[in-house]
Amino acid sequence: MTKPVVLIAEELSPATIDALGPDFEVRHCDGADRADLLGAVVDADALLVRSATKVDAEVLAAARQLKVVARAGVGLDNVDVKAATKAGVMVVNAPQSNIVSAAELAVGLLLAAARHIAPANAALKQGEWKRSKYSGVELYEKTAGIVGLGRIGALVATRLAAFGMNVIAYDPFVAAGRAAQMGVRLVGLDDLLRTSDVISVHLPKTAETVGIIGHDQLAIVKPSVILVNAARGGIVDEQALAAALKEGRVAGAGLDVYATEPCTDSPLFEFETVVATPHLGASTEEAQEKAGISVARSVRLALAGELVPDAVNVQGGVIAEEVRPGIPLAERLGRIFTALAGAVPTQLEIEVRGEITAHDVRVLELAALKGLFTDVVEEPVSYVNAPVLAADRGVGVALRTDADSPDYRNLLTLRGTLADGIQVSVSGTLTGQRQVAKLVEIDGFDIEVALSDHLAVFRYEDRPGIVGTVGRILGEAGVNIAGMQVSRDRKGGHALVAMTVDGAIPAPVLDEIVAEIGAETARQVDLTE
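Residues numbered from 1 in each chain as written. Predicted model: local features only at pLDDT ≥ 70, side-chain atom pairs only at ≥ 80, totals over all residues. Heavy atoms only, no water.

How should I be thinking about the overall build of the chain in this particular structure?
Counting its secondary structure elements, the chain contains 17 helices and 22 strands. Relative to a compact globule of 529 residues, whose C-alpha radius of gyration would be 24 Å, the chain shows 30 Å and is clearly more extended. At a minimum sequence separation of 6, the contacts of the chain that also span at least 24 residues come to 62%. Entry remark: accessible area of the chain is about 24900 Å², with carbon and sulfur atoms responsible for 50%. Averaging the locations of the 48 positively and 69 negatively charged side chains of the chain gives two centres separated by 4 Å. (Helix = DSSP H or I, 4+ residues; strand = E, 2+ residues; numbered from the N terminus. Rg over C-alpha atoms; globule rule 2.2 N^0.38 Å. Contact = heavy atoms within 4.5 Å. Areas by Shrake-Rupley, 256 points an atom, 1.4 Å probe, with all protein chains shown as cover. Lys, Arg positive; Asp, Glu negative; His and termini not counted. Charge placed at Lys NZ, Arg CZ, Asp CG, Glu CD.)

Could you clarify how one ought to interpret unusual backbone geometry in this entry?
Where the residue is not glycine, phi is negative for most of them; where a peptide bond is considered, it is trans in most cases. Here Glu-261 and Pro-262 are connected by a cis peptide whose omega angle stands at 0°. Along the chain, the position of Pro-262 falls in the loop between strand 11 (252-255) and strand 12 (274-276). One non-glycine residue with positive phi stands out, namely His-116, at about 55°. You can see His-116 is positioned in the loop between helix 5 (99-114) and helix 6 (117-125). In this structure, Glu-141 takes a positive phi of about 65° despite not being glycine.

Looking at this structure, I do not really get the sheet that holds strand 12. What am I missing?
As summarised here, the arrangement of the seven strands in space is 8-7-6-9-10-11-12, forming an open sheet in which the pairing is parallel. The sheet is open, and its two edges are formed by strand 8 (185-186) and strand 12, each paired on a single side. Alignment of strand 9 (residues 198-201) against strand 10 (residues 226-229), held across four bridges, turns out to be parallel. Residue Val-201 lies in a different strand from strand 10, and its bridge partner there is Asn-229. Sheet contacts for helix 7 (residues 151-162): strand 6 (143-147), strand 7 (166-170) and strand 9; angle to strand 6, the most-contacted strand, approximately 175°. (Pairing = 2+ DSSP bridges. Axes fitted to C-alpha atoms, helices over the stretch in contact; angles between N-to-C directions.)

I keep staring at the packing of helix 13 (residues 326-341) against helix 14 (residues 362-374) and nothing clicks. Help me out?
Two quantities define a packed helix pair, namely the angle between the axes and the distance from one axis to the other. At their nearest, the axes of helix 13 and helix 14 sit 7 Å apart, and the two run at 35° to each other. Classified by chirality, the crossing of helix 14 by helix 13 is right-handed. Listed contacts from helix 14 to Gly-326, Ile-327, Ala-330, Glu-331, Gly-334, Arg-335, Phe-337 and Thr-338 of helix 13 are Val-363, Leu-364, Ala-367, Ala-368, Lys-370, Gly-371, Leu-372 and Thr-374. Class assignment for the residues of the contact of helix 13 with helix 14 results in eight nonpolar, five polar and three charged. (Left-handed = near helix turned anticlockwise from the far one by under 90°. Nonpolar A, V, L, I, M, F, W, Y, C, P; charged D, E, K, R; others polar.)

Help me understand the environment of Glu-208, please; the structure alone is not making it clear to me.
With respect to the helices and strands, Glu-208 occurs in the loop between strand 9 and helix 10 (215-218). Accessibility expressed as a relative area gives 66% for Glu-208, which makes it exposed. For the pair Glu-208 and Ile-235, spaced 27 residues apart in sequence, the C-alpha separation works out to 9.3 Å. (Buried < 20%, exposed > 50% of the residue type's maximum accessible area, 1.4 Å probe, protein only.)

Looking at this structure, how should I read the pattern of salt bridges?
A side chain of one charge can pair with a side chain of the opposite charge when the charged atoms of the two come close. For the coordinates displayed, the defined rule picks out 26 salt bridges. With its nearest N and O atoms 2.9 Å apart, the salt bridge here joins Lys-370 to Glu-331. Here the residue Lys-370 occupies a position in helix 14, and Glu-331 occupies one in helix 13, the gap between them amounting to 39 residues. Summarising the burial analysis for this pair, Lys-370 and Glu-331 share the class buried. Asp-453 serves as the salt-bridge partner of Arg-332, at 3.2 Å between the closest nitrogen and oxygen. (Salt bridge = Lys/Arg side-chain N within 4 Å of Asp/Glu carboxyl O.)

Listed below in structure tokens is the structure:
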């Protein structure tokens, strides 16, 4: 059996290879060499990169069987997430891998700037003993302003509090109660700028945050302030910072990131009061190892067809163990819906009822959509591009949850409206200790049939002899019935028979059944991969 190909485009820690295990064929290429990358990625199932490899639409088009791109780090500036999503390629990173390293570097830059460590070190190594020139300031009892109280900002806040600092923060997405638990007081950005003795930036780089600290903001800070940016280049306006340093409106700075990288020439480097490092936030052995192990685990999950909690282009959070068995059921219900409807709906409601709703069940929506499109589009369907396919085809999707489930412990229903106004619904559940998947409703008809690879559904006018007729025709054709159930709305009214069979029913046999029983509709569902 051919092993999936994992292509590693940049140097990663040996622990990454170990974490992948023996189930994959691991190959290497130079991601910075465009020709090498485009040639190597053609038959890759997974691509592992760091920051030097540009994964754009051209690479994704060349990668005909790519399922996942994994960035061994936090940022994704070098990966075209939108193009990957459209192609159905999962994008994962390692958001937790470098948070300690980044936080420690931010504190290190602050200490170095406050005590003039870098220029004092350089001077001493040149034979100059300049104690008075490099007199610094203490952090104790000063006010530290944290701009962005996310994972890294929170770690920096904790460390600076240990120095005896008064910590305040600006983050409109953090509740005051949560900040208070960290011993941090939330303030507005202008208040933070005016009152802080040191400012450390820990924001993601977005259209809203680029240049958030610029000329106007640096005009209101204390002239003794020290500014640290170990987050993303461009959040602090470098020209504005250089002007403020030159005019004495900012005392010093610690920088690890720049608007354009690599950066080897900047007016900021002219200032002795600026400590600058070449984007070293994640450059520790521990962070690189954690990043490699994290994305290796994500790759294993992705290539096994499972959702990955760290996937950036897949909706839904961490999958609870109670929810996980419902994923294949939801996907199968999606395929059954399409087969019975004979079309994609214009509106689809995924309803989840029962105890399972105590958990995040958004993954079931993704699984249902994946199943809905699996048998109707040519391109591979994944948890990544299923919502895109729905949007492109104008399918309105809604997820509904209800803790009340009168008949089953948990119940999953797909209910859709077709373009002609006809409504179609299918429901399923998992029963018993073995969590057997069962189909329990079709278009309002109550049934209970264990799911198998082959399913047939007939609708007809209720009358005696139908079951015998269907059984006879299938028996003569050598098709064995595994399970069957009949449901009707009333005596002599409309009836539905749902059956599982050991193999696909040949088209002529299906036509014979329709003719013999006068079926209103006949649908066959093939759930084989």
